[in-house]
Amino acid sequence: MNSTFSKDFKKNSGRMSQDLTHRAVIKKALGAYEIKRDENRSKYLNWQEARQAASEIKWEAVNHLDRYLLEMTKNLEARGTKVFWASNAEEARQYVISLAVEKKVKSIIKSKTMTSEEIHLNGALEKLGYDVVESDLGEYIVQLNEEPPYHLVFPAMHLTRGQIKEIFKRKLGSDTSDLPEELTMVARNIMRQKYLTADMGISGANFGVAETGMISITENEGNARLTTSFPKIHVALMGIEKVIPKLGDLAILLPLLATAGGGQQITCYNTMIGGPRQPGECDGPEEFHLVLIDNRRTELLADAEQRDALHCIRCGACLNVCPIFKNSGGHSYGTTYQGPIGSVITPHLRGLQDWKHLSSASSLCGSCTEVCPVKIDIHHHLLHNRRNAVTQMPVWWERIAFKGFSIATANPALFQLGIKIGRVFQPLHFLIKGTLLDPVRAWTQTRDLPEIPAKSFRQQWKSRQ
Amino acid sequence: MNGSKDQILARIREALRSPAPVPGNHDYSHLEMTPSRPKPELESFRQWLPPVESNSENQWDLLTKSFHALKTDFGLLESKARLIDFIQELQRAEQWKRVGIHHGAMTDEIASYLEIEKLWVDEGYDPQAMEQCDVGISECDAIVAQTGSILITAKSAGGRGLSVLPPHHLVLARTSQIVADLPSAYELLYKRYGGNFPSMISFITGPSRTGDIERIVVLGAHGPKKLTVAILKD
């Protein structure tokens, strides 16, 4: 009934929500983000209509996914790109591994890709002896600290500069102050030679353009541009839902992604790559491989009601406003994609019964839906997942409890009797409050039950007649 | 070898047999299954994005504001002589010893006034030699007033590496290259390259930066620590 994932989530989120240092770090980081986001959002002539347009662009692509994927593939292949279609994580990993073996690759440099986290690529490559380095600063920090990204856009958001300094000292032997400038330069100096000497560069893709056969990568650091410029082989990993119809669609999607994701008007580098080095060009990789990954996205696609969850552009805006995320922390989810959108899609990608508990990790405040730049109906989908989980596998004690509740409330005499019994026994509740004997301990462990009033509404009404 | 192409396409087609509700409509009581308005097009984006006036003076004001906010250095230069002064002054101040550069109308002219070692990238180059360059000098396709972005391609800016590996990227441009907004920049790309796009196109908006440590902005994460735009008045 309770999966281990659910138990872990309860345990970890319980612990994190009492961690005041964690709360202060997250509050500070997201407070600064909110100010910048609001400032840039207010510059739009019409932010709401811009969201609607983005949502329509993604709707068009996702609802004609076969057509646009084929168009993109055809255009990419025409200019020398090899496109591989992977049904699942295993197929995607195997493709990258056999390519590395075939080309006698030794060292690999990566720029940020959540899809690679999803298919656990680093672990598989490292096991085979490849030197794999994450070049995005945040990803590099969590890689050194041997933990998964905390947040799908800000991987090391939970760490303070002091902790990062310690990680660098422990793993790299660097001796710097805890100034962000100095710490950043440590990573910069290590990485520069890696771009030039790595045999393979692995990147993600924020968008795939059907019309012109390109991928688009959004970043601030320049590490993705370096990763896709110098190594002889460039491999990009992309979920099948990332395709958009036209190149010009980026004119609205890029600023929306930047504003929702990082509070910026546009990020520092937005790069469109349409193939390996072309005739007449002076540099760029000799080979470009695009791995298209399904990994159960087609199951989510088959759920028409929740299909718009595939519109997601992974900006992380819903995480940044979510009270559950802010208090439970990104690691408690135990998923590749954290926060509200992660709670919606993980049950589809990894099994509804194992991950249904995430649908209840919500206050249903609707902030996620309100900030989503592509208008995904996130908080309603959490409700849809709850409904689907119960329809698929009803919980026997819940059925009995609700049946009992409906009998009691439909029968005034029984309801009155219940209240009377409650009044007698509630004063004794403190004896078992929060213990294993307490039938409502999930609530009473950390909260009080309201007291049953001495006079019910009906009694008060009667006395006034 | 293209993997599970047919299986994935079959699953997609099967999944799409049931229609999805129209986007952005969160009221499930009256479901429409096809959008009632036409697909949004490039020129329609202007009515929602941050506004840009058509007057070139206003565009210049907007651009300089963006440059200041992004910490992009720039100079508006009245004549070719002033442009050369501007660059020679930079060379002296930063004591450039080696410069990475590509052939182009503006770059060729400037190169003749820079009496230092030059790495010409056009016929291919050694990346380790580029890593030793103090500056990468390139041209660009356009400058976007709306966002303060420099639009480059592998064709206009000497390939992929020149504008991102050296610690300082110097862009040479003309005022006539300033376009109003992102939709105009994409219109320009279609017009200039439609059918045969360079393998890399990039919007560069300020020097490389990161906020990964406590969300504090640090310039020069992996790409150039400094971005300078020298704009010659037409």
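To be clear, the structure that these remarks concern was listed above.
Below is a short write-up of the structure. (Residues numbered from 1 in each chain as written. Chains lettered and ligands numbered in written order. Predicted model: local features only at pLDDT ≥ 70, side-chain atom pairs only at ≥ 80, totals over all residues. Heavy atoms only, no water.)

1. Considerations on the overall build of chain B
Along chain B, the regular secondary structure elements total six helices and 12 strands. Relative to a compact globule of 234 residues, whose C-alpha radius of gyration would be 17 Å, chain B shows 22 Å and is clearly more extended. Overall size of chain B, expressed as C-alpha extent along the three principal axes, is 70 × 50 × 45 Å. In chain B, which comprises 234 residues, the proportion classed as buried is 57%. Partitioning the intrachain contacts of chain B with sequence separation of at least 6 by distance along the chain shows that 69% fall at a separation of at least 24. (Helix = DSSP H or I, 4+ residues; strand = E, 2+ residues; numbered from the N terminus. Rg over C-alpha atoms; globule rule 2.2 N^0.38 Å. Buried < 20%, exposed > 50% of the residue type's maximum accessible area, 1.4 Å probe, protein only. Contact = heavy atoms within 4.5 Å.)

2. Side note on the pairing of strand 7 (residues 168-174) of chain B
Residue and element names in this part refer to chain B. The buried count for strand 7 comes to six of seven residues, which makes it a mostly enclosed element. Here strand 7 pairs with strand 12 (residues 226-232) via seven bridges, running parallel. Across the sheet, V171 pairs through a bridge with V229, a residue of strand 12. (Pairing = 2+ DSSP bridges.)

3. Thoughts on the interface of chain B and chain A
Counting residues at the interface gives 91 residues for chain B and 112 residues for chain A. Taken together, both faces of the contact between chain B and chain A bury some 8400 Å²; the carbon and sulfur share is 59%. The interface formed by chain B and chain A includes six salt bridges. The shortest N-O distance in the salt bridge between E214 of chain B and K28 of chain A comes to 3.4 Å. Elements supplying a minimum of two residues to the side of chain B that touches chain A: helix 1 (5-15), helix 5 (127-131), strand 6 (149-153), helix 6 (182-193), strand 9 (200-204), strand 10 (209-210) and strand 11 (218-219) of chain B. Ranked by residues supplied to the side of chain B that touches chain A, first place goes to helix 1 of chain B with seven residues. Residue composition of the side of chain B that touches chain A, grouped by class: 49 nonpolar, 27 polar and 15 charged. Here strand 9 (residues 269-273) of chain A pairs with strand 9 of chain B via five bridges, running antiparallel. Looking across to strand 9 of chain B, one finds that N270 of chain A is bridged to F203 of chain B. (Buried area = accessible area lost by both parts, 1.4 Å probe. Salt bridge = Lys/Arg side-chain N within 4 Å of Asp/Glu carboxyl O. Nonpolar A, V, L, I, M, F, W, Y, C, P; charged D, E, K, R; others polar.)

4. Comments concerning the nonpolar core
If you look at the biggest cluster of nonpolar residues, it comprises 157 residues, and the most contacted ones within it are I252 of chain A together with I143, I150 and Y186 of chain B. The biggest single contributor to this core is helix 12 (residues 250-262) of chain A, with eight residues. Those residues in contact with Y186 of chain B, other than ones at most four positions away along the chain, are L247, G248, L250, A251, L254 and M272 of chain A together with L42 and F203 of chain B. Counting residues in each nonpolar core, the second largest holds 24 residues, with Y95, V105, I108 and I119 of chain A among its members. (Core = buried A, V, L, I, M, F, W, Y, C linked by side-chain atoms within 4.5 Å.)

5. Quick word on the side chain of H311 of chain A
Here H311 of chain A shows up in the loop between helix 13 (297-302) and helix 14 (317-321). Contact partners of H311 of chain A, with chain neighbours within four places excluded, come to S55, K58, W59, V62, V374 and I376 of chain A together with P23 of chain B.

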